[in-house]
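# Inside the fold
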Amino acid sequence: MSKNNFIIYTFIYLVLSSFFLLKVGPNMLRSGKVIAIKPEDAGNIKSMNFSYHIASKQYLNVQLNTTKRGIRFQYYLPDNDQEKLIDILGDNNLINDENELLSQVPIIFQRNDLEFFKNIEVIYFKDELTFLSINDKTILGSKNVLGRIIIIVLSYFIMVLGGVGLLIFPLNLFLQIRDNENTGKSIYVPNRLDGVKYILRVLKKINLKEKRSHVAARKSNKK
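Numbering of residues begins from 1 in every chain and follows the order in which that chain's sequence is written. In keeping with the predicted nature of the model, local features appear solely for residues at pLDDT of at least 70, side-chain atom pairs appear and are counted solely at 80 or more, and the whole-chain, interface and lining totals rest on all residues. The basis for every side-chain value is the complete set of heavy atoms in the structure, and neither hydrogens nor water enter the calculation.

## With respect to the packing of aromatic side chains
Centres within 6.5 Å are what make two rings of Phe, Tyr or Trp a pair, Trp counting through its six-membered ring; a difference in plane orientation under 30 degrees is then read as stacked, over 60 as edge-to-face, and the rest as tilted. Overall, the coordinates contain six aromatic pairs when judged by the stated rule. Ring centres of Tyr13 and Phe169 lie 4.8 Å apart, and the angle between their planes is 15 degrees; on these two criteria the pair is classed as stacked. With Tyr13 in helix α1 (residues 3-33) and Phe169 in helix α4 (residues 145-183), the pair connects residues that are 156 residues apart, well separated along the chain. Each residue's exposure class comes from its accessible area (1.4 Å probe, protein chains only) as a fraction of the maximum for that residue type: buried when under 20%, exposed when over 50%, partly exposed otherwise. Residue classification places Tyr13 among the partly exposed residues on the basis of a relative accessible area of 29%. Here Phe19 and Phe20 contribute two aromatic rings whose centre-to-centre distance is 6.4 Å and whose plane-to-plane angle is 55 degrees, an arrangement assigned as tilted. For the purposes of this entry, the term helix denotes a DSSP run of H or I that reaches at least four residues, the term strand denotes a run of E that reaches at least two, and both are numbered from the N terminus.

Shown next, in the form of structure tokens:
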């Protein structure tokens, strides 16, 4: 490969490394940090509505109206995710079983029916409900702690990768051009692993030369 083409390839790699370091990584880090993992109090219950989706009775729409906000979500009945909410209603004698509830949909329960709703907590991410708990029992979603950690760790890894690229590619450019001019060794664009191995070999040679010079200096001093 010609020297000019090698410089162009190195420049492209530097641009990509800068993009990962300054754009991709920080954007992912910001996205990870805004993922809420601490639930907020949704206020006291006012009413709860059940209705079927207009297109299919396999989709059950639920709306909780509280003193702070309206909480809307949907269950796909074949997944049986609604059983957690059904259990709370059944344990407090509001309904006998799921079939009884579904047979009455659409139905509205008022505040006096829901006095056992003591604590309602929610987590929203970009206006989307990702977690709901009633009386400290998870009804919908989960606290996305693991997802938040993965995104943050991955974002730091990408930024480190970009930073390493900004260090390695110019050094690789310098070393290969130097070797080409001194020994006539061909210039080539290495893959990431080859590039790292090449630089480590060069650094090892430099280290060996320094050690030999120190040994030679000690011998000359003894004489």
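## Topic: a nonpolar patch on the surface
Residues enter patches when they are more than 30% accessible in relative terms and free of salt bridges; like-charged ones are connected within 9 Å and nonpolar ones (Val, Leu, Ile, Met, Phe, Trp, Tyr) within 5 Å. Surface accessibility in these figures is a Shrake-Rupley result with a 1.4 Å probe; residues are shielded only by whichever protein chains are displayed. One side-chain nitrogen of Lys or Arg within 4 Å of one carboxyl oxygen of Asp or Glu is enough to make a salt bridge. Nonpolar side chains collect at one region of the surface, where Ile8, Tyr9, Phe11, Ile12, Val15, Leu16, Phe19 and Phe20 lie side by side and expose about 780 Å² of accessible area between them. Relative to the helices and strands, Ile8 is located in helix α1.

## Points about the nonpolar core
Remark: nonpolar core denotes a set of buried residues (Ala, Val, Leu, Ile, Met, Phe, Trp, Tyr, Cys) joined through side-chain atoms within 4.5 Å. If you look at the biggest cluster of nonpolar residues, it comprises 33 residues, and the most contacted ones within it are Met48, Phe50, Phe73, Leu85, Leu89 and Phe117. When residues of this core are assigned to their parent elements, the largest contribution, four residues, is made by helix α2 (residues 83-91). Ignoring anything within four residues of it in the chain, the contact list for Phe73 reads Leu60, Asn61, Val62, Leu64, Leu85, Leu129, Leu132 and Leu140. Note on definitions: a residue-residue contact is assigned when non-hydrogen atoms from the two residues lie within 4.5 Å.

## Quick look at the sheet that holds strand β4 (residues 70-76)
Picture the strands of a sheet paired through backbone hydrogen bonds; they go either parallel or antiparallel. Whether two strands pair comes down to DSSP finding at least two bridges between them. Taken in spatial order, the four strands make up an open sheet running β4-β3-β2-β5, and their pairing is antiparallel. Two strands close off the open sheet at either side, each with one partner strand: β4 and β5 (107-110). Shown here is a sheet whose adjacent strand axes are inclined to one another by a mean of 15 degrees, direction ignored. Summarising the sheet, strand β3 (residues 59-66) and β4 pair through seven bridges and their orientation is antiparallel. In the strand pairing of β4, Val62 is matched with Phe73. Packing of α2 onto the sheet brings it into contact with β2 (45-52), β3 and β4, and relative to β2 it is tilted by some 125 degrees. Orientation is described by lines fitted to C-alpha atoms, with helices fitted over the stretch in contact, and by angles between N-to-C directions that extend from 0 to 180 degrees.

## Details of the pairing of strand β6 (residues 120-125)
Here strand β1 (residues 40-41) runs beside β6; their pairing, made up of two bridges, is antiparallel. Residue pairing in the sheet places Asp41 in a bridge with Glu121 of β6. In the sheet, β6 pairs with strand β7 (residues 128-134) via six bridges, with the strands oriented antiparallel. Pairing of Phe125 across the sheet is with Glu128, part of β7. Between β6 and β7, which pair antiparallel in sequence order, lie two residues; one of them, Lys126, sits at a positive phi of approximately 55 degrees.

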